[in-house]
Amino acid sequence: MKGFADIVVGLQWGDEGKAKIVDFLSKRYDIVVRFQGGANAGHTVYKKGEKFVFHLIPSSILNENSIAVIGNGVVFDPEVFFDEINKLKNYTKDIEERIFISDKASIVLPVHKKMDSLRENKNPIGTTKRGIGPAYETKIVRVGLKLSDLFSNKLLEKFEILMDFFGFDRFSDEFKFNLEFINNYKNKLIKFVKNTEYFLNESLNKGKKILFEGAQGVSLDIDFGTYPYVTSSNTISSYSLVGSGVPFHYIKDVFGIFKIYTTRVGEGPFPVEMEKEVEEMIQKKGFEYGSTTGRLRKCGWLDLSQIKYNSMICGITKLILTKIDIFFGLEKFLVCTSYKNKFTGEIIEFFPVNSLESYEPQYLEFKGFNSIEDISFSNFINFLEKYLNIPIYIISKGQEEKDTLIVKP
Ligand code: IMO
Ligand code: MG
């Protein structure tokens, strides 16, 4: 029998609690695959009282039977990768035997991070300064280095073309520094590099199950997000195929994760703002600090037009609602269900992703709840399922798995 693949994506602006869910779900799969983004991701898993933050390695790696793949769609930073391996070594078995990186993944070099920072000073997007934009840029203009290039006799030639693209000649310090970086990691990487599209397809043919782990969120997608305040990759579910080489007929479920409120880091519109007092309470109680950059996240009310639009683009089959306990104790809360045009007064249900500045969110008010047993909580869940027309599959609270997951059949 052939295997299948499911996908997890975030339905907001990232930080929806994807890692905890991927760690939990991954016990039902053989392989977990990252297919886009890079070390801009900050995926936090709490286990046995410890906190683990993953930037490049799939969040499933603490499960000792799980195989992790970093796909061709990822921009790969060797420095972050080995840092992560070294931190994890004492916590999980055979980690180095359970991770494979696509030979077609693009390499992030110090020069990419430098350019990211320089551009941020000029034209701020609020990036994580992990070199993501410049790395995808050199991939698309065809001057980037792929992992396979590290082991090619054309490496130096290709490296010169890349450095020239950023205006550094072979006598510059930047050139030397980046070449040293490559030489430092090259041999250490050999054992991880593989033709992962063959590996994944063969595994599926043998009946294995694959879970794709999305990074960032759909509203940060380069095509369907709040451009230009987005990341430089496609974060939507369909990119899992492009970023891995797995064909579409294997896909079964697409899980869409969202928090009971909205957060955003970096620049860009954020219409669903809440009163300062409530925002500060949520920031504190929900630990809403960036796990990659340490920045405080803006917090606002849940935006259901956003969730509906993003679910449509991703073909979500099952919803996962997270961090509900952060709302325990609130007397009432708001949910945005439509938008009003500030100039014409027109009300639309559709998420105005590219013109959010021209719209005002329209809210429904809900009665608060103190536990999941409260009738006002089940009323709210029923409302969500009806409004979105997709079943809620998991409701998550707390940081650790043990006090958290209620799976609805
Ligand atoms: P996870 O996977 C939240 C945001 C940055 C910035 C924009 C562009 O943890 O959900 P980039 O460095 O990607 O060029 O920055 O995207 N951003 C994220 N926000 N969660 C993330 O990842 C993010 N990765 C990037 O803050 O606004
Ligand atoms: Mg995060």
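To be clear, the structure that these remarks concern was listed above.
Bear in mind that the values here come from a model prediction, so they are computed numbers and not experimental data.

A look at the overall build of the protein
At step 1: Assigned secondary structure in the protein consists of eleven helices and 19 strands.
At step 2: Whereas a compact globule of 409 residues would reach a radius of gyration of roughly 22 Å, the protein reaches 21 Å, a difference of no more than 12%.
At step 3: For the protein, the spread of C-alpha atoms along the principal axes amounts to about 65 × 50 × 40 Å.
At step 4: Burial analysis of the protein (409 residues in total) assigns 57% to the buried set.
At step 5: Pairs at least 24 apart in sequence give 75% of the contacts found in the protein among residues at least 6 apart.
At step 6: When the accessible area of the protein is evaluated, it comes to approximately 17,700 Å², of which 53% is carbon and sulfur surface.
At step 7: Taking the average place of the 54 positive charges on the side chains of the protein and the average place of its 53 negative ones, the gap between the two points comes to 3 Å.

Re the site of ligand 1
At step 1: If you check the shell around ligand 1, you find 20 residues, and the closest are K18, H43, T128, Q216 and T231.
At step 2: Within the side chain of K18, one N or O atom sits 2.7 Å away from an oxygen atom of ligand 1.
At step 3: Within the contact set of ligand 1, an oxygen atom lies 2.6 Å away from a side-chain nitrogen or oxygen of H43.
At step 4: Coverage of ligand 1 by the protein amounts to 97% of the 550 Å² it exposes when considered alone.
At step 5: Here ligand 1 occupies the largest pocket.

Some words on the coordination of the magnesium ion (ligand 2)
At step 1: Protein ligation of the magnesium ion (ligand 2) involves D15 (OD) and G42 (O), the donor distances falling in the range 2.0 to 2.3 Å. Highlighted residues: D15 in the loop between strand 1 (4–10) and helix 1 (18–25) and G42 in the loop between strand 2 (31–34) and strand 3 (43–47), separated in sequence by 27 residues.
At step 2: Assessed through its relative accessible area of 14%, G42 is described here as buried.

As for the sheet that holds strand 1
At step 1: With mixed pairing, ten strands are arranged side by side in an open sheet as 9-7-5-2-10-1-11-14-18-19. Each edge of the sheet is formed by a strand with only one pairing partner; in this case those strands are strand 9 (193–194) and strand 19 (406–407).

Here we look at the environment of G315
At step 1: Its place among the elements puts G315 in the loop between helix 10 (304–314) and strand 14 (318–322).
At step 2: Sequence separation between G315 and S237 is 78 residues; the distance between their C-alpha atoms is 7.8 Å.

Side note on empty space enclosed by the protein
At step 1: Applying the stated criterion across every chain, the model contains one cavity of 30 Å³ or more.
At step 2: Lining the largest cavity, in full, are P78, I107, L109, L150, F181, I182, Y185, K186 and L189.
At step 3: In terms of residue count, the dominant contributor to the lining of the largest cavity is helix 6 (residues 173–189) (five residues).

Thoughts on the layout of surface pockets
At step 1: Approximately 750 Å³ is the volume found for the largest pocket.
At step 2: The set of elements that each furnish at least two residues to the lining of the largest pocket consists of helix 3 (110–122) and helix 4 (132–140).
At step 3: Classifying every residue of the lining of the largest pocket gives twelve nonpolar, 17 polar and nine charged.
At step 4: Empty space within the second largest pocket amounts to approximately 570 Å³.
At step 5: Lining the second largest pocket we find 29 residues, and of these G17, T44, Y46, G286 and K323 sit closest to its centre.
At step 6: Counting residues per element, the ones that place at least two in the lining of the second largest pocket are helix 1 and strand 3.

Quick notes on the side chain of N63
At step 1: Its place among the elements puts N63 in the loop between strand 4 (50–54) and strand 5 (67–70).
At step 2: On the basis of relative accessible area, N63 is assigned to the buried category, the value being 11%.
At step 3: A polar atom in the side chain of N63 sits 2.7 Å from the side chain of S26.
At step 4: In this structure the side chain of N63 is engaged in a polar contact, spanning 3.2 Å, whose partner is the side chain of K47.

A word on helix 9 (residues 276–285)
At step 1: Those residues of helix 9 that sit buried are V278, E279, I282 and Q283. End-on view of helix 9: buried residues confined to an arc of 135°, all on one side of the axis. Exposed residues lying more than 90 degrees from the buried face of helix 9 are K276, E277 and K284.
At step 2: Buried positions along helix 9 lie against strand 12 (261–264) and strand 13 (298–303).
At step 3: Taken from the residues just after helix 9, F287 is the one with a positive phi, measuring 50°.

Description of the pattern of salt bridges
Opposite charge on two side chains allows them to pair when their charged atoms are near.
At step 1: Enumeration over the complete set of coordinates arrives at 23 salt bridges.
At step 2: A salt bridge links K47 to D23; the shortest N-O distance between them is 2.7 Å. Here K47 is found in strand 3, whereas its partner D23 is found in helix 1, with 24 residues between them in sequence. Of the two residues, K47 and D23, both sit in the buried class.
At step 3: Two residues, R297 and E288, come together in a salt bridge whose shortest N-O distance is 2.7 Å.

Calculation criteria
Residues numbered from 1 in each chain as written. Chains lettered and ligands numbered in written order. Predicted model: local features only at pLDDT ≥ 70, side-chain atom pairs only at ≥ 80, totals over all residues. Heavy atoms only, no water. Helix = DSSP H or I, 4+ residues; strand = E, 2+ residues; numbered from the N terminus. Rg over C-alpha atoms; globule rule 2.2 N^0.38 Å. Buried < 20%, exposed > 50% of the residue type's maximum accessible area, 1.4 Å probe, protein only. Contact = heavy atoms within 4.5 Å. Areas by Shrake-Rupley, 256 points an atom, 1.4 Å probe, with all protein chains shown as cover. Lys, Arg positive; Asp, Glu negative; His and termini not counted. Charge placed at Lys NZ, Arg CZ, Asp CG, Glu CD. Near = heavy atom within 4 Å. Polar contact = N/O pair within 3.5 Å; in protein donor to acceptor, adjacent residues only side chain to side chain. 1 Å grid on protein atoms, 1.4 Å probe; cavity = no way out; pocket = protein on both sides within 12 Å on 5 of 7 lines; lining within 4 Å. Sits in = over half its atoms within 2 Å of the grid points. Donors = N, O, S within 2.8 Å, 3.2 Å for Na, K, Ca; no water. Pairing = 2+ DSSP bridges. Points joined across faces, edges and corners; volume = space filled by probe spheres on them. Nonpolar A, V, L, I, M, F, W, Y, C, P; charged D, E, K, R; others polar. Arc of directions from axis to C-beta. Salt bridge = Lys/Arg side-chain N within 4 Å of Asp/Glu carboxyl O.

Purely geometric numbers; function is a separate question.
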